[in-house]
Amino acid sequence: MAMIGTRIIGHKLRVMIALLICATAIPAWATIPDIERQALLTLYISTHGADWGTSTNWNGAEGTECTWFGITCDAANLHVTSIQLEHNNLTGTLPALTGLTSLVDFDVLDNHLTGPVPALTGLTALQNFLVAFNQLSGPLPALTNLQTFAANGNQLTGPIPSLAGLTNLQTFWVSSNYLTGPLPALTGLTKLSSFEAYKNGLTGSIPSLTGLTNLMNFNVSSNDFTGPIPVLSDLTSLRYFSVGTNQLTGSIPALTGLNNLHYFKISRNRLTGSVPTAPASLISNASSLCPNPLSTTASENDVGWNAATGHTPWWATPYNSNRCDDIFTNGFDG
């Protein structure tokens, strides 16, 4: 009997040791720094988290932050790297994100946020910042070395800040706001792929686009730009170019070498001179040249523009009897 009892005790001891080993092998949730937890809680309170569409696990115990809806942490669960709360009924204002020094992605696109865009100072890891389609107001903050900045579809005012030194910038969208002043220099932004600043109150001339060989989309239509269309010959990746509804003057630059260009929209300006050769890559019925006081003297370039604009001849827009300049001969600008 004593031997049986010893065996039972030994078996229980082995089971306990095995359970202890298993328990120590299961990783507990790591704890993010308190400053990061407080930043998340402040975000929740400031944007009325109780009314969010989804707020699973938010306000949970310390060590659970990486399980909160929309939060992603690094592999060790030690730092917050991503906040994804787009289309989630956030209201109120965005607080400062200070303390989230490992944050790479911040996305609160398409909510109902008001107030200013917070400063991005100190967010040294930030690459993508998306606050588009809210009701944010006030000026744009100074920008860090981002890849993506999207603040279009708000009520922002003031100038576009300097983009100098943002060598990783690929996407910059600030359309449909109330921004004023000139466009900043784009020199050196060699990774820039998409630049949109249409429907604002921007003035001055369009800056040089030389060297932007990765630029695919450029849209600054519906502003108050003056001066000429800049040289476009370097934009070998360009697909969409729109500068319509401004006050641009001078001639249309050569489009030679733009073998990827699909859309070319320059209507409602004050451009003069003859049309250049149309790139063969232009999509039929997708470009617009008129109204502008351009020369309508017949040339070998007409055939390409007839196809690209969907009008034959291309200057008969919008009426067959029109000569491309009806907006001027009727005594007003558009």
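First, a word on what this report is: a plain description of the structure on this page.

So, how was this worked out
Residues numbered from 1 in each chain as written. Predicted model: local features only at pLDDT ≥ 70, side-chain atom pairs only at ≥ 80, totals over all residues. Heavy atoms only, no water. Buried < 20%, exposed > 50% of the residue type's maximum accessible area, 1.4 Å probe, protein only. Helix = DSSP H or I, 4+ residues; strand = E, 2+ residues; numbered from the N terminus. Polar contact = N/O pair within 3.5 Å; in protein donor to acceptor, adjacent residues only side chain to side chain. Pairing = 2+ DSSP bridges. Axes fitted to C-alpha atoms, helices over the stretch in contact; angles between N-to-C directions. Contact = heavy atoms within 4.5 Å. Disulfide = S-S within 2.5 Å. Phe/Tyr/Trp six-rings, centres within 6.5 Å; stacked < 30°, edge-to-face > 60°.

1. Observations concerning helix α3 (residues 302–309)
Line of reasoning, step 1. Within the sequence span of α3, burial applies to D302, W305, N306, A308 and T309.
Line of reasoning, step 2. At the C-terminal side of α3, G310 shows a positive phi close to 80°.

2. Some thoughts on the side chain of N292
Line of reasoning, step 1. Mapped onto the fold, N292 is located in the loop between β19 (270–271) and α3.
Line of reasoning, step 2. Only 3.2 Å separates the side chain of N292 from the backbone nitrogen of R270, close enough to count as a polar contact.

3. Some thoughts on the sheet that holds strand β1 (residues 71–73)
Line of reasoning, step 1. A sheet is described by the order of its strands in space; here 10 strands give the open sequence β1-β2-β4-β6-β8-β10-β12-β14-β16-β18, paired in mixed fashion. Since the sheet does not close on itself, it has two edges, and those belong to β1 and β18 (263–265), each with one partner. Neighbour-to-neighbour, the strand axes of this sheet turn through a mean angle of 10°, independent of strand direction.
Line of reasoning, step 2. Inspection of the sheet shows β1 paired to strand β2 (residues 80–84) by three bridges, in the antiparallel sense. Looking across to β2, one finds that C73 is bridged to V80.
Line of reasoning, step 3. Taken strand by strand, helix α2 (residues 34–46) contacts β1, β2 and β4 (105–107), and its axis lies near 10° from that of β2.

4. Here's the deal with the state of the cysteines
Line of reasoning, step 1. Going through the model one piece at a time under the given rule, you end up with two disulfides.
Line of reasoning, step 2. Two residues share a disulfide in this structure: C290 and C324, whose sulfurs sit 2.0 Å from each other. On the S-S bond that ties C290 to C324, the torsion sits near -110°, and the link is left-handed. Pair noted here: C290 is in the loop between β19 and α3 and C324 is in the loop between α3 and α4 (326–329), with a separation of 34 residues, a long-range link. For the pair shown, C290 and C324 are each scored as buried.
Line of reasoning, step 3. The connectivity of the disulfides in the protein chain is 1-2, 3-4, where the numbers refer to bonded cysteines in sequence order.

5. Remarks on the packing of aromatic side chains
Line of reasoning, step 1. Summed over the entire model, instances satisfying the criterion amount to 14 aromatic pairs.
Line of reasoning, step 2. Here the aromatic rings of W58 and W68 are separated by 4.9 Å at their centres, their planes lie at 40°, and the arrangement is tilted. Placement of the pair is W58 in the loop between α2 and β1 and W68 in the loop between α2 and β1, with a sequence separation of 10 residues.
Line of reasoning, step 3. Residue classification places W58 among the buried positions, given a relative accessible area of 7%.
Line of reasoning, step 4. Pairing F106 with F129 gives two aromatic rings, centres 5.4 Å apart and planes at 15°, and the pair type is stacked. A residue pair is termed long-range when its members are at least 10 positions apart, and F106 in strand β4 and F129 in strand β6 (residues 128–130) qualify at 23 residues. Summarising the burial analysis for this pair, F106 and F129 share the class buried.
Line of reasoning, step 5. Three or more aromatic residues joined by ring pairs form one cluster here, namely F106, F129, F149, F172, F195, F218, F241, F264 and W305.

6. Let's talk about the sheet that holds strand β9 (residues 155–158)
Line of reasoning, step 1. Read across the sheet, nine strands follow the order β3-β5-β7-β9-β11-β13-β15-β17-β19 without closing on themselves; strand pairing throughout is parallel. For this open sheet the edge positions go to β3 (91–93) and β19, each flanked by a neighbour on one side alone.
Line of reasoning, step 2. Here β3 pairs with strand β5 (residues 112–115) via three bridges, running parallel. What sits directly across from G92, in β5, is L113.

7. Structural notes on unusual backbone geometry
In most cases, non-glycine residues show a negative phi, while peptide bonds are predominantly trans.
Line of reasoning, step 1. Cis peptide bonds are those with omega within 30 degrees of zero, and the linkage from C290 to P291 qualifies with 0°.
Line of reasoning, step 2. Residues T312 and P313 are joined by a peptide bond in cis, for which omega reads -5°.
Line of reasoning, step 3. On the secondary structure map, P313 appears in the loop between α3 and α4.
Line of reasoning, step 4. At N59, a residue that is not glycine, the phi angle is positive and equals roughly 70°.
Line of reasoning, step 5. Positionally, N59 belongs in the loop between α2 and β1.
Line of reasoning, step 6. The exposure class of N59 is partly exposed, given its relative accessible area of 41%.
Line of reasoning, step 7. The phi angle at H87 is positive, at roughly 50°, despite the residue not being glycine.
Line of reasoning, step 8. Within the fold, H87 resides in the loop between β2 and β3.
Line of reasoning, step 9. Relative accessible area serves as the criterion here: at 51%, H87 is assigned to the exposed category.

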